[in-house]
Amino acid sequence: MERKIFVDISARHVHLTRENMDVLFGKGSELTVKKMLGGGFAAEERVTLVSQKDTLQNVTILGPFRYTQVEISMTDARKLGMQPPIRISGNTKGSAPIKLVGPAGELDIEEGVIVAKRHIHISQVVADEYGIVNGQEVKVRVETPDRTLVFEDVLCRIQAEAPFGPPATMHIDTDEANASGIVGSTYGYIVD
Ligand SMILES: [Zn+2]
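Residues numbered from 1 in each chain as written. Predicted model: local features only at pLDDT ≥ 70, side-chain atom pairs only at ≥ 80, totals over all residues. Heavy atoms only, no water.

## Some remarks on the overall build of the protein chain
Check the secondary structure of the protein chain and you find four helices and 14 strands. Taken along its principal axes, the extent of the C-alpha atoms in the protein chain is 55 × 30 × 30 Å. Burial status across the protein chain gives 48% buried among its 192 residues. Across the protein chain, the fraction of contacts at a sequence separation of at least 24, relative to all contacts at a separation of at least 6, is 65%. With an accessible surface of roughly 9,900 Å², the protein chain has 49% of that area assigned to carbon and sulfur atoms. A distance of 3 Å separates the average location of the 21 positive side-chain charges in the protein chain from that of its 26 negative side-chain charges. (Helix = DSSP H or I, 4+ residues; strand = E, 2+ residues; numbered from the N terminus. Buried < 20%, exposed > 50% of the residue type's maximum accessible area, 1.4 Å probe, protein only. Contact = heavy atoms within 4.5 Å. Areas by Shrake-Rupley, 256 points an atom, 1.4 Å probe, with all protein chains shown as cover. Lys, Arg positive; Asp, Glu negative; His and termini not counted. Charge placed at Lys NZ, Arg CZ, Asp CG, Glu CD.)

## Description of the nonpolar core
Judged by nonpolar contacts, the single largest core of 24 residues is most densely connected at Val-14, Leu-49, Ile-61, Val-70, Ile-98 and Leu-100. Elements with a minimum of two residues in this core: helix H1 (18-25), strand E4 (40-50), strand E5 (55-63), helix H2 (74-80), strand E8 (96-101) and strand E9 (106-116). Here this core gets four residues from one element, more than from any other, and that element is E4. In contact with Leu-100, other than residues within four places in its own chain, are Val-14, Leu-16, Leu-24, Thr-48, Leu-49, Val-70, Gly-105, Glu-106 and Leu-107. Core analysis: the next-biggest nonpolar cluster, separate from the first, contains 21 residues, Ile-5, Val-140, Cys-156 and Met-170 among them. (Core = buried A, V, L, I, M, F, W, Y, C linked by side-chain atoms within 4.5 Å.)

## Observations regarding the packing of aromatic side chains
Throughout the structure, instances matching the rule amount to one aromatic pair. Aromatic side chains Phe-6 and Tyr-187 sit 5.5 Å apart centroid to centroid with 70° between the ring planes, which places their arrangement in the edge-to-face category. With Phe-6 in strand E1 (residues 4-10) and Tyr-187 in strand E14 (residues 186-190), the pair connects residues that are 181 residues apart, well separated along the chain. Residue class for Tyr-187 comes out partly exposed when judged on its relative accessible area of 42%. Above the plane of the ring of Tyr-187 lies Lys-4, whose end atom (NZ or CZ) is 4.3 Å from the centre. (Phe/Tyr/Trp six-rings, centres within 6.5 Å; stacked < 30°, edge-to-face > 60°. Lys NZ or Arg CZ within 6 Å of the ring centre and 35° of its normal.)

## Observations regarding the coordination of the zinc ion
Here the zinc ion is held by the protein donor atoms His-119 (NE2), His-121 (NE2) and His-171 (ND1), which lie 2.0 to 2.1 Å from it. Coordination of the zinc ion draws on donor residues from a single chain, spaced H-x1-H-x49-H in sequence. (Donors = N, O, S within 2.8 Å, 3.2 Å for Na, K, Ca; no water.)

Written out as structure tokens, the structure reads:
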């Protein structure tokens, strides 16, 4: 059976708590929706990331408010002179520190910077159909004209309903997308 999945590219972004937002943008400030994404939205507001070595400006904030987390690519990490761990979203314990700068203030976080581990959000219905269990790591083949690639170590996260658009969606970062020549959204196939 063909196990087709949607492939979506996540650019660098931050997640903030309500308290972080108050510090960076002023007390009671709110995020403005720029673009709806499955399960949340990209905000108009931006922050700057500052490390000992360099800065990254205009980094997107994803709403709604939840925990504090900064997801960057390996290329970004190199520019910033840091080596954040590869983690699944939400698992930031002991991850890398950074300074966040907004128009109203700045915030030094002791941990929260990760390079996102590639993963698939999959609904229970599709997981059953594809023979996938929660937490399983699979291989995904993405075919492009000149850079077809099989991604290994792709973690499957089963959710009652798929909150991220199509019922099976792989999230990869910009480095991974570039490595496989992906431009825009595409499809992949679970091959193992
Ligand atoms: Zn994801």
